[in-house]
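Inside the fold
What follows is each chain in one-letter form.
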Amino acid sequence: MYDALSIEFSPEQLEIAKARDRFPVVGGGERGGKTFVVSSIATPHIVLMPKLVRHKFFDEEGKPLRNLNETKPRNPDVIIFGPTYREPRWEFEEIERQLRTLGLIADGVNKPSKPQDGPWRMVTTDGVVIATWSMEDPGSIRAADPEFAIVAEAGKCPYDGITRVMGRVSGTRGFVMFSGTMELSEQWYQEWMVIGQRLN
């Protein structure tokens, strides 16, 4: 898949991509490649999801459960969180670019939705729903059970929101990738980055 996308990781990026950590933290400075790394790790998981979690996408006879020509699947399978709706857009657009290169973006009623304000949403041709979510109100993080999540600019997110995200993926035994810079970050993120005090 990476060959088809012409993706090459640096040695440091490859170490992150190969890690088995359930809650990896991808830190770095501005324009350090964080978006590229987490998006490039996410894309294969999105592509393979219908094969690995078949019961969510196909019935016992192998027929799709989601009619993408007529309906919009509601519940996101992958959520990209951020302090506001603005920050997750970089990861969203990189994942969209990679999926489009693979010919896996749904069209019609499920074509990507990217309003100026509010959540963005796209659906793959296999019915995987990817959406963005703001942590401005951490209490809004409920009633969603994503297979995995990304938290963009994690260090600027409230810790209450972080624990809620981790709780949401626990139901699917999924993983959460945290990315962001140290600048202007919350104390909890600095501890995760420098001391390594985090759950795993």
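Shown above is the structure to which this text applies.
I will try to describe carefully the structure that is included in this document. (Residues numbered from 1 in each chain as written. Predicted model: local features only at pLDDT ≥ 70, side-chain atom pairs only at ≥ 80, totals over all residues. Heavy atoms only, no water.)

With 26 residues, the main nonpolar core has Ile46, Ile95, Leu99, Ile130, Phe148, Ile150 and Met177 as its most contacted residues. If you list the elements that add at least two residues to this core, you get α2 (34-52), β2 (78-82), α3 (89-101), β5 (148-151) and β6 (175-180). With seven residues, the top contributor of residues to this core is α2. With residues up to four places along the chain from it excluded, the contact list for Phe148 reads Ala42, His45, Ile46, Met49, Asp77, Val78, Ile79, Val169, Phe175 and Met177. Counting residues in each nonpolar core, the second largest holds 21 residues, with Ile79, Ala144, Ala149 and Ala154 among its members. (Core = buried A, V, L, I, M, F, W, Y, C linked by side-chain atoms within 4.5 Å. Buried < 20%, exposed > 50% of the residue type's maximum accessible area, 1.4 Å probe, protein only. Helix = DSSP H or I, 4+ residues; strand = E, 2+ residues; numbered from the N terminus. Contact = heavy atoms within 4.5 Å.)

Packing of α2 against α3 brings their axes to within 9 Å, and their N-to-C directions diverge by 50 degrees. Taken together, the axes of α2 and α3 are oblique relative to one another. Seen along the crossing, α2 lies across α3 with a hand that is right-handed. Only Trp90, Glu91, Glu94, Ile95, Gln98 and Leu99 of α3 make contact with α2, whose side of the interface consists of Thr35, Phe36, Val38, Ser39, Ser40, Ala42, Thr43, Ile46 and Val47. Residues of the contact of α2 with α3, tallied by class, amount to eight nonpolar, five polar and two charged. (Axes fitted to C-alpha atoms, helices over the stretch in contact; angles between N-to-C directions. Parallel < 35°, antiparallel > 145°, perpendicular 65-115°, else oblique. Left-handed = near helix turned anticlockwise from the far one by under 90°. Nonpolar A, V, L, I, M, F, W, Y, C, P; charged D, E, K, R; others polar.)

Before going further, it helps to examine the environment of Val78. Looking at where Val78 falls in the secondary structure, it is placed in strand β2. Spatially, the C-alpha atoms of Val78 and Phe58 are 18 Å apart, while their sequence positions differ by 20 residues. Once you skip the residues sitting within four places of it in the chain, Val78 turns out to touch Ile46, Met49, Val128, Val129, Ile130, Ala131, Pro146 and Phe148.

The next point concerns the environment of Tyr189. Positionally, Tyr189 belongs in helix α5 (residues 187-195). The class for Tyr189 is buried, based on a relative accessible area of 0%. When the C-alpha atoms of Tyr189 and Ile162 are compared, they prove to be 10 Å apart, with 27 residues separating the residues in sequence.

A few words on empty space enclosed by the protein. Per the counting criterion, the structure on display carries one cavity of 30 Å³ or more. A volume near 40 Å³ is recorded for the largest cavity. Lining the largest cavity are Ile46, Val47, Pro50, Leu99, Leu104, Thr124, Thr125, Asp126 and Val128. It is α2 that contributes the most residues to the lining of the largest cavity, three residues altogether. In terms of residue class, the lining of the largest cavity is built from six nonpolar, two polar and one charged. (1 Å grid on protein atoms, 1.4 Å probe; cavity = no way out; pocket = protein on both sides within 12 Å on 5 of 7 lines; lining within 4 Å. Points joined across faces, edges and corners; volume = space filled by probe spheres on them.)

With that settled, the discussion passes to the packing of aromatic side chains. Summed over all chains, the structure comprises five aromatic pairs. Cluster of aromatic residues (ring-pair linked, three or more members): Tyr159, Trp188 and Tyr189. (Phe/Tyr/Trp six-rings, centres within 6.5 Å; stacked < 30°, edge-to-face > 60°.)

Now for the pairing of β6. With six of six residues buried, β6 lies mostly within the body of the structure. Of the two faces of β6, the one lined by Phe175, Met177 and Ser179 and the one lined by Val176, Phe178 and Gly180 are each fully buried. Bridge count between β5 and β6: four bridges; the pairing is parallel. Paired with Val151 across the strands is Phe178, a residue of β6. (Pairing = 2+ DSSP bridges.)

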